[in-house]
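# A closer look at the structure
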Amino acid sequence: MPISERRGAAARTTVVWEVLRPVLDRGPGDVLDLGGGTGVSAVRVAELGHRVTVVDPSPDALASLARRAREVGVEVAGHQGDVGTLSDVPGPDGADVVLCHGVLEVVDDPAAALATIREVLRPGGHLSLLVAQRHAAVVARALAGHFRQALQLLEGEAPAGRSGRRFSQEELDDLLADAGFEVASRHGVRVFADLVPGSLLDLEPGSTAALVDLEHAVAARSEFLPLATQLHVLAR
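What counts as what
Residues numbered from 1 in each chain as written. Predicted model: local features only at pLDDT ≥ 70, side-chain atom pairs only at ≥ 80, totals over all residues. Heavy atoms only, no water. Helix = DSSP H or I, 4+ residues; strand = E, 2+ residues; numbered from the N terminus. Rg over C-alpha atoms; globule rule 2.2 N^0.38 Å. Buried < 20%, exposed > 50% of the residue type's maximum accessible area, 1.4 Å probe, protein only. Contact = heavy atoms within 4.5 Å. Areas by Shrake-Rupley, 256 points an atom, 1.4 Å probe, with all protein chains shown as cover. Salt bridge = Lys/Arg side-chain N within 4 Å of Asp/Glu carboxyl O. Phe/Tyr/Trp six-rings, centres within 6.5 Å; stacked < 30°, edge-to-face > 60°. Patch = residues over 30% accessible without salt bridge, like charges linked within 9 Å, V, L, I, M, F, W, Y side chains within 5 Å. Expected span 1.5 Å × (residues − 1). pLDDT = per-residue confidence, 0-100.

Turning our attention to the overall build of the protein. Helix and strand content of the protein: 9 helices and 7 strands. Relative to its length of 236 residues, the protein is compact, with a C-alpha radius of gyration of 18 Å against a globular reference of 18 Å. Dimensions of the protein, computed from C-alpha atoms along their principal axes, come out at roughly 45 × 40 × 35 Å. Of all 236 residues assigned to the protein, the portion counted as buried reaches 44%. For the protein, the proportion of contacts with a sequence separation of at least 24, taken over those separated by at least 6, is 74%. Carbon together with sulfur atoms contributes 52% to the accessible area of the protein, which is approximately 11700 Å² in total.

On to the pattern of salt bridges. Applying the stated criterion to the full structure yields 9 salt bridges. With its nearest N and O atoms 3.3 Å apart, the salt bridge here joins Glu182 to Arg236. Here Glu182 is found in the loop between helix H7 (169-178) and strand E6 (183-189), whereas its partner Arg236 is found in the segment after strand E7 (230-235), with 54 residues between them in sequence. Across the salt bridge formed by Glu223 and Arg221, the nearest N and O atoms sit 2.8 Å from each other. For Glu223, a relative accessible area of 46% gives the class partly exposed. Judged by relative accessible area, which is 44%, Arg221 ranks as partly exposed. Among the charged side chains, a network of salt bridges with common partners joins Asp30, Arg51, Asp96 and Arg122.

Tallied over the full model, the rule gives 1 aromatic pair. With a centroid separation of 5.9 Å and an interplanar angle of 70°, the aromatic rings of Phe192 and Phe224 are classed as edge-to-face. With Phe192 in the loop between E6 and helix H8 (198-201) and Phe224 in the loop between helix H9 (207-218) and E7, this pair connects stretches of sequence that are 32 residues apart. The exposure class assigned to Phe224 is partly exposed, which follows from its relative accessible area of 21%.

Taken together, Val139, Leu143, Leu195 and Leu227 make up a surface patch of nonpolar side chains, about 330 Å² in accessible area. Along the chain, Val139 turns up in helix H5 (residues 134-143).

A few words now on the side chain of His187. Among the structural elements, His187 can be located in strand E6. In this structure His187 comes out as buried when scored by relative accessible area, which is 15%. Setting aside anything within four residues of it in sequence, one finds His187 in contact with Val15, Val19, Ala219, Ala220, Leu225, Gln230, Leu231 and His232.

Another aspect to go through is the environment of Val54. Its place among the elements puts Val54 in strand E2 (residues 51-56). Here the alpha-carbon distance between Val54 and Pro90, two residues 36 residues apart in the chain, equals 9.9 Å. Setting aside residues up to four positions removed in sequence, Val54 forms contacts with Asp33, Gly36, Gly37, Ala42, Leu62, Leu65, Val76, Ala77, Gly78 and His79.

Here the focus is helix H3 (residues 59-72). Here H3 is 14 residues long and its end C-alpha atoms lie 20 Å apart, about the 20 Å a rise of 1.5 Å per residue gives. Looking at the buried residues of H3, the elements they touch are helix H2 (40-46), E2 and strand E3 (76-80). Trailing H3 by a residue or two, Gly73 shows a phi angle of about 90°, which is positive.

In this model, the protein carries a mean pLDDT of 89, and residues with pLDDT of at least 70 account for 92%. Between residues 1-5, whose pLDDT stays under 50, and residues either more than four places distant or in other chains, the model counts 4 contacts.

This part covers unusual backbone geometry. Residue Pro90 follows Val89 across a cis peptide bond; omega there is 0°. Along the chain, Pro90 turns up in the loop between E3 and strand E4 (95-101). The residue Asp93 is not glycine, and still its phi comes out positive at about 55°. Tracing the chain through its elements places Asp93 in the loop between E3 and E4. Overall, Asp93 belongs to the partly exposed group, its relative accessible area being 41%.

Okay, here's the thing in structure tokens:
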């Protein structure tokens, strides 16, 4: 895995996991991983004793999930589907925690998706939502010299040839409120990781770990949220 991918993965998992652990440590429950793919998060949650279900449209990803779960020695239920099938799996009030990471960007109707997720969560349940953030994408495009793409993103448009939405914090807060969620916490993910050239991390031993520490230190600081590649929201 390239350095940029390793540092991005470390920054993402460190911040998101530390936010989730207090919720997951309350005791075994029913966890739904929407778009959980090959089960990187799902298997880790199952190791904590939770009953985990992954809903994903890719049969290949679900096959990889099954292999990963067997190798670790846990059980994870895999179902082929998408947000539109959640009325069947797990059904209304069927989950204590829903993980929705990197999914809201690609659904047809984000508002409807959140409303469906709200229906499958039990009273007092939690949603872990991870989405791509627009402002950071504007900065990244501008720094790369793609000024027209940066302007398109700034105005809320998707650059030609690219798929997936990006959200601002305000847009995400409005969507969650309209769906009946209360935001418990919000964190920036990959604030610096995608801006630092990989070559710099090779120059000094321990620099990647130091970068992850820096990411953790700024994740909850509101002034750095606009620079974060992703926004992570924990909502009730």
